[in-house]
Every structure is written in C-alpha cells, then in structure tokens.
Amino acid sequence: QVQLVESGGGSVQVGGSLRLSCAVSGSNLNIRRMGWFRRAAGSRRELVAVIVDNGFTVYADSVKGRSTISRDNAKNTVYVQMDSLIPEDTAVYYCNVQAYDDTQYWGQGTQVTVSS
C-alpha cells in the first residue's frame, strides 16, 4: 500500500516562507515524477511544481522564482521551499507521485494560509 505523508503547512504572513515535505512509502514503488499541486477555495487544482527522476523540474509561472522543488530519492521524499509568500498562495497543497507505470498517488493535503 502506498502512503504519502505531507508536512510543513501552516499560517504565515506575507513575505514569509514555508517548506513542505512529502514522504512516500510503499513496497516496490518505482517513482518517476514527484510534485506538488494546490487548490484554492473555489478554484480548480493547479500545478505548483514537479520534479522528474533525472532532476528536471517544471514550475507554475505563479511560483517561479519564489519556489524550489527538490527530492531525496534515497528517502522517497519530495520537498518544496516556498519563499516570498503572498495571499494568492493560500490553498490546500497536495503531494503527487507518478510511478513508471503511470499510476498516480495523492497525499491528503496540507493547508497553507498567507495573511497580510
């Protein structure tokens, strides 16, 4: 059984920083892509950033330059460092993992709230 355990969400003021972590466990899971998506209230889920096993990264324009995604393959953990947070970053953030067989797994979500 695959489990994604997220941590690091919380409430910060504008300009603050947060680091989200997602640890993936599961037997014989070969992970190709790891990443983060978010859903703000009343909006659709959207990409934040993803990182492929070779280190290639993709960022949403809205977070580019303010966020850095990284992964520790030995620990099956993905991180996203978010700096210079703005109220528009307020959302539930979901960890996402895609295996080599294209199966996707989602975390339970962690709330990020940015207040002015």
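Summarised in this report is the structure supplied together with it. Note that the structure is a prediction, hence the values are computed from the model and not measured.

## Looking at the sheet that holds strand 3 (residues 18-25)
Strand order across the open sheet formed by four strands is 1-3-8-7, with antiparallel pairing between neighbours. Across the chains shown, the open sheet's two edge strands, defined by having one partner strand only, are strand 1 (3-7) and strand 7 (67-72). Strand-to-strand twist of the sheet, defined as the mean angle between neighbouring strand axes without regard to direction, takes the value 15°.

## Here we look at the pairing of strand 1
Here strand 1 shows a buried face lined by Leu4 and Glu6 and an unburied face lined by Gln3, Val5 and Ser7. As judged from the five bridges shared by strand 1 and strand 3, these two strands associate in the antiparallel manner. Each bridged residue has a counterpart across the sheet, and for Val5 the counterpart in strand 3 is Ala23.

## A look at the nonpolar core
Within the largest apolar cluster, 28 residues are counted, with the highest numbers of intra-cluster contacts made by Val24, Trp36, Val78, Met82 and Tyr93. For this core, the elements supplying multiple residues, two or more each, are strand 3, strand 4 (31-39), strand 5 (46-52), strand 8 (77-82), strand 9 (91-99) and strand 11 (110-115). Per-element tally for this core: the top contributor is strand 9, with five residues.

## Considerations on the side chain of Glu6
For Glu6, the position within the fold is in strand 1. Of the side chains with opposite charge, Arg45 comes closest to the buried, unpaired Glu6, at an N-O distance of 9.1 Å. A polar atom in the side chain of Glu6 sits 2.6 Å from the backbone nitrogen of Cys95. A polar contact of 2.5 Å, which involves the side chain of Glu6, links it to the backbone nitrogen of Gly109. Among residues more than four places away in sequence, those in contact with Glu6 are Ser21, Cys22, Trp36, Tyr93, Tyr94, Cys95, Gly107, Gln108, Gly109 and Thr110.

## Some remarks on the state of the cysteines
One pass over the structure, following the stated rule, counts one disulfide. Disulfide partner of Cys22: Cys95, at an S-S distance of 2.1 Å. Disulfide Cys22 to Cys95: torsion about the S-S bond roughly -85°, handedness left-handed. Of the two residues, Cys22 is situated in strand 3 and Cys95 in strand 9; the sequence distance between them amounts to 73 residues. Classification of Cys95 by relative accessible area gives buried; the value is 0%.

Criteria and thresholds
- Residues numbered from 1 in each chain as written.
- Predicted model: local features only at pLDDT ≥ 70, side-chain atom pairs only at ≥ 80, totals over all residues.
- Heavy atoms only, no water.
- Pairing = 2+ DSSP bridges.
- Helix = DSSP H or I, 4+ residues; strand = E, 2+ residues; numbered from the N terminus.
- Axes fitted to C-alpha atoms, helices over the stretch in contact; angles between N-to-C directions.
- Buried < 20%, exposed > 50% of the residue type's maximum accessible area, 1.4 Å probe, protein only.
- Core = buried A, V, L, I, M, F, W, Y, C linked by side-chain atoms within 4.5 Å.
- Lys, Arg positive; Asp, Glu negative; His and termini not counted.
- Salt bridge = Lys/Arg side-chain N within 4 Å of Asp/Glu carboxyl O.
- Polar contact = N/O pair within 3.5 Å; in protein donor to acceptor, adjacent residues only side chain to side chain.
- Contact = heavy atoms within 4.5 Å.
- Disulfide = S-S within 2.5 Å.

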